[in-house]
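Fold and contact review
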Amino acid sequence: MTDARVTVHTEAGIDRIEPEVHGHFAEHLGRCIYDGVWTDDSVDEEGFRDDVVELLADLELPVLRWPGGCFADDYHWEDGVGPREDRPRRRNLFWGQGREMIPEESNAFGTDEFLELCERIGTEPYLAANVGSGDPQEAANWVEYCNYDGDTELADRRRANGREEPYDVKYWGLGNENWGCGGQMSPEQYAREYRRFATYVGTQSAHMLDYDLDLIACGFENHEWNHRFMEEVSDPKWGVEFPLDHLTLHHYYGRTMSVPEADEDDYDEFFLEALEMDHHIERLASAINAFSTTRDIGVIIDEWGSWHPEAQGGSGLEQPGTVLDALSAAAVLDIFNDHADVMTMSNIAQTVNVLQCLVETQGDDAFKRPTYRVYDLYAPHKGNEAVTTSIETPTREVDDEELPLVGASASVDDDGEVYVTATNLDTRAAHTVEFTVEDATGDDVDAAVLFEGQDADLVVDADNADAFAADDLDVSVDGDGTVTAELEPGTVAGISVE
């Protein structure tokens, strides 16, 4: 018996789903970089882990943020360029390396290594400049080192370090969590600092470079802070009115839910926390629109995902990889699709080994976590036109709120093919879902499902990772083109309809 309905309004377009909405984040923290994407010269002549690089390349990441995170607020990029034997060993003030979180940084993996990684996996780099303890000259010099093709000391230094052509790094974050580890600034203080940095970084656009940089300001989950920042940064004494192209915030959830100790009631609370992303996007867009417009300044969520109590300093911020986390990622990606008119990027935390990573390494093994599978299933949305969906779903009362048990989003490609993703967040029961795609005949339907028959709290490892791969989903198609599918508890579906 059908108990949920999804209607796809193919003529009610929202906006293009920017591929960068499927972006990622890597920080010098735990085993994300060292023993994650990089080990030492014994792996290959450059030090990259080929198994990890291959998995990331297969996923076709659109953008990768680096070097932090809080690490960026005490990172000085010149420490990480030039011959490795000459690079200074520095403190890692906020985090540390390995599961032991040793508070030191070797600088073996620096700017040129990161940008080579981006080229190897075919992704755009997003560099976060140090506003907390750095200065505008350091940030401007980093842009020049990476991007300038002329005859200056910094451009020549890049060439001497083995890179003749500029890297053409487009995305530059000016600050990270400047309300906290980035300097504990008030929004007015950060706005003034941001404008100062943007003056020296942004002026290189269309002057030293033949393209414009995308400048990214850091926001906060406290939305009054964002409103005050926008008010202050919009009061220029000189230069452009709004020296930013995007405004970000970070949203983590699940901090009180230990997966091994949780029950189904805890799962529901966890999913509700994840769905708060919808509220944060709306509030951040509202702060932008109060002074400018989201047509000119996009919304970025450049750190997000689950953060469970297991992810502590003593574990290198590692936590079990489960279907639960993957289900939350699917629900959030559907939210991003529904906000395609304002969303310009997101970066789940973090790419390898740390928090809600997509790839995990165990010794010589590297394998896909369940969240990787979700990103793979959702990949057809990238670059499509998001369209409106109407959803009728059963709900469950959780702490005086209603948890929608079935969620979905949809998009249309250039050839008119419709792609629908749907998630059953109910880990207790299956739900039969009826999908109606306006103007579709249902003559050609392909469907896949993730996590059918898997326990929501089953932890992925090198031995069972393949069991989380997608399977074919059985669907029925009525004469009017309506598609019906039963979604087992805790599953995610992807359905293509012509």
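Preceding this paragraph is the structure being described.
Residues numbered from 1 in each chain as written. Predicted model: local features only at pLDDT ≥ 70, side-chain atom pairs only at ≥ 80, totals over all residues. Heavy atoms only, no water.

1. Some points on the sheet that holds strand S17 (residues 406–412)
Spatial ordering of the open sheet is given by S21-S20-S24-S18-S17-S14-S1-S19-S23-S22, a layout of 10 strands whose pairing is mixed. In the strand order of this sheet, the two ends are held by strand S21 (471–472) and strand S22 (475–477), each with one partner. Examined bridge by bridge, strand S14 (residues 385–392) and S17 share 3 bridges and lie antiparallel to one another. Note on S17: the bridge partner recorded for Glu-385 is Val-412. (Pairing = 2+ DSSP bridges. Helix = DSSP H or I, 4+ residues; strand = E, 2+ residues; numbered from the N terminus.)

2. Considerations on helix H4 (residues 153–160)
Listing the buried residues of H4 in full gives Leu-154, Ala-155, Arg-158 and Arg-159. Angularly, the buried residues of H4 cover 145 degrees about the axis, an arc narrow enough to put them on a single face. Those residues of H4 that are buried are in contact with helix H3 (136–147). Of the residues flanking the end of H4, it is Gly-162, one or two places downstream, whose phi is positive at about 105 degrees. (Buried < 20%, exposed > 50% of the residue type's maximum accessible area, 1.4 Å probe, protein only. Arc of directions from axis to C-beta. Contact = heavy atoms within 4.5 Å.)

3. Section: the sheet that holds strand S6 (residues 124–129)
Read around the closed barrel, the 8 strands follow the order S2-S3-S6-S7-S8-S9-S10-S11; overall the barrel is parallel. The mean inter-strand angle of the sheet, taken between neighbouring strand axes irrespective of direction, is 25 degrees. Across 3 bridges, strand S8 (residues 214–218) lies against strand S9 (residues 246–253) in parallel orientation. Within S9, the position partnered with Cys-218 by the bridge is Thr-248. Where helix H7 (residues 264–275) meets the sheet, it contacts S9 and strand S10 (298–306), and its direction lies at approximately 175 degrees from that of S9. (Axes fitted to C-alpha atoms, helices over the stretch in contact; angles between N-to-C directions.)

4. A few points about the packing of helix H2 (residues 111–121) against H3
Packing of H2 against H3 leaves a shortest axis separation of 12 Å and a crossing angle of 50 degrees. In terms of their interaxial angle, H2 and H3 are classed as oblique. Seen along the crossing, H2 lies across H3 with a hand that is right-handed. Packed against H2, whose contacting residues are Thr-111, Asp-112 and Leu-115, the element H3 presents Trp-142, Tyr-145 and Cys-146 at the interface. Residue classes in the contact of H2 with H3 are distributed as 4 nonpolar, 1 polar and 1 charged. (Parallel < 35°, antiparallel > 145°, perpendicular 65-115°, else oblique. Left-handed = near helix turned anticlockwise from the far one by under 90°. Nonpolar A, V, L, I, M, F, W, Y, C, P; charged D, E, K, R; others polar.)

5. What to know about the state of the cysteines
Every disulfide links exactly two cysteines, by a covalent bond between their sulfur atoms. Evaluated as defined, the whole model comprises 1 disulfide. Here Cys-218 stays free of any disulfide, with the sulfur of Cys-181 as its closest cysteine sulfur at 8.6 Å. There is no disulfide at Cys-357, and the cysteine sulfur nearest it, in Cys-32, is 8.3 Å away. Look at Cys-357 and you get buried, because its relative accessible area is 1%. (Disulfide = S-S within 2.5 Å.)

6. What to know about the side chain of His-251
Here His-251 lies in strand S9. Those residues in contact with His-251 that sit more than four places away from it in its chain are Glu-221, Glu-273, Ala-274, Glu-276, Met-277, His-280, Glu-303, Trp-304 and Gly-305.

7. Some details on the pairing of strand S19 (residues 431–437)
Of all 7 residues in S19, 5 are buried, a share of seventy percent or more. Of the strand pairs in this sheet, strand S1 (residues 2–16) and S19 are connected by 6 bridges, and their pairing is parallel. Residue Arg-5 lies in a different strand from S19, and its bridge partner there is Glu-434. Of the pairings in the sheet, the one linking S19 to strand S23 (residues 483–487) comprises 5 bridges and is antiparallel in character. Residue pairing across strands places Val-433 opposite Ala-485, the latter belonging to S23.

8. Side note on the pairing of S10
Burial runs high along S10: 9 of the 9 residues are buried. As paired strands, S9 and S10 are joined by 8 bridges and run parallel to one another. Within S10, the residue paired with His-250 across the bridge is Glu-303. Two strands pair when backbone bridges link them, and S10 and strand S11 (residues 343–349) are joined in this way by 4 bridges, in the parallel orientation. Residue Ile-300 lies in a different strand from S11, and its bridge partner there is Met-345. For the segment spanning S10, helix H9 (residues 323–338) and S11, crossover handedness is right-handed. (Right-handed = clockwise from strand over helix to strand, strands pointing away.)

9. Quick word on the nonpolar core
Phe-109, Tyr-194, Phe-229, Leu-244, Trp-304 and Phe-336 are the most contacted members of the largest nonpolar core, which totals 124 residues. Among the elements that line this core, the one with the most residues is H9, at 11 residues. Apart from residues no more than four positions distant in its own chain, Tyr-194 is found in contact with Leu-174, Leu-215, Ile-216, Ala-217, Phe-229, Val-233, Pro-243 and Leu-244. Counting residues in hydrophobic clusters, the runner-up holds 25 residues, among them Val-418, Val-420, Val-449 and Leu-473. (Core = buried A, V, L, I, M, F, W, Y, C linked by side-chain atoms within 4.5 Å.)

10. Looking at unusual backbone geometry
Cis geometry marks the peptide bond from Trp-66 to Pro-67; its omega dihedral reads 5 degrees. Its location among the elements puts Pro-67 in the loop between strand S3 (63–66) and strand S4 (90–91). Positioned with a positive phi, Asp-399 is a non-glycine residue whose angle comes to about 50 degrees. Along the chain, Asp-399 falls in the loop between strand S15 (395–398) and strand S16 (401–404). Owing to a relative accessible area of 55%, Asp-399 belongs among the exposed residues under this scheme. The backbone phi angle of Asp-439 is positive, close to 70 degrees, even though this residue is not glycine. Relative to the elements of secondary structure, Asp-439 occurs in the loop between S19 and strand S20 (445–450). The exposure class assigned to Asp-439 is exposed, which follows from its relative accessible area of 67%.

Functional significance is not addressed by these values, which are geometric in nature.
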